[in-house]
Amino acid sequence: VWGSFERARFQIGDEIIMKASLTSYSMKYFKNGEKIRTFAISGGKPGWETLNGVKIVHEAYTMKRMCSPRQH
């Protein structure tokens, strides 16, 4: 707060980092610096490859089915 002294109390959750490798088609899941699990992943089809870089997750789902329409 600008111009005054304020105190705020808050808590944040665990640190969750997921590192994906498109060369090994795997993703490592880290929680608070400890590797928990490694998953198999895909990196997209030719011409639609996943871009490199840092991604931020805005939503979380218990389960999400992702599919694309069939191309004729």
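From a predicted model like this one, the values you see are computed outputs, not experimental measurements.

### Brief notes about the sheet that holds strand β1 (residues 16-21)
Logical step 1: The strand order across the open sheet formed by three strands is β1-β2-β3, and the pairing between neighbours is antiparallel. Either end of the sheet is taken by a strand with one partner, and the two such strands are β1 and β3 (34-40). If you compare each strand with its neighbour and ignore which way they point, the axes differ by 20° on average.
Logical step 2: In terms of strand pairing, strand β2 (residues 26-31) meets β3 through six bridges, oriented antiparallel. Residue pairing in the sheet places Ser-26 in a bridge with Ala-40 of β3.

### With respect to the pairing of β1
Logical step 1: Where β1 and β2 come together, six bridges link them in antiparallel fashion. Its bridge partner being in β2, Ile-16 is matched across the sheet by Lys-31.
Logical step 2: Between β1 and the antiparallel strand that follows it, β2, lie four residues; Tyr-25 among them carries a positive phi value of about 50°.

### Description of the side chain of Ser-26
Logical step 1: Along the chain, Ser-26 turns up in strand β2.
Logical step 2: Classification of Ser-26 as buried rests on a relative accessible area of 16%.
Logical step 3: Here Ser-24 takes part through its side chain, which lies 2.8 Å from a polar atom of the side chain of Ser-26.
Logical step 4: Those residues in contact with Ser-26 that sit more than four places away from it in its chain are Lys-19, Ala-20, Ser-21, Thr-38, Phe-39 and Ile-41.

About the thresholds
- Per chain, residue numbering runs from 1 following the sequence as it is written.
- Predicted model: local features are reported for residues with pLDDT of at least 70 only, side-chain atom pairs are reported and counted for 80 or more only, and whole-chain, interface and lining totals are derived from all residues.
- Note: side-chain values were computed over all heavy atoms of the structure, leaving out hydrogens and water.
- Between any two strands, pairing holds if DSSP finds at least two bridges.
- A run of H or I in DSSP counts as a helix once it spans at least four residues, and a run of E counts as a strand once it spans at least two, with each numbered from the N terminus.
- Angles run from 0 to 180 degrees between N-to-C directions of axes, and those axes are lines fitted to C-alpha atoms, restricted for helices to the stretch in contact.
- Burial classes follow relative accessibility: with a 1.4 Å probe on protein chains only, a residue under 20% of its type's maximum area counts as buried, one over 50% as exposed, and anything between as partly exposed.
- Two N or O atoms form a polar contact when they lie within 3.5 Å of each other; inside protein one atom must be a possible hydrogen donor and the other a possible acceptor, and for residues adjacent in sequence the pair counts only when both atoms belong to side chains.
- Whether two residues are in contact is decided by their heavy atoms: any pair within 4.5 Å suffices.

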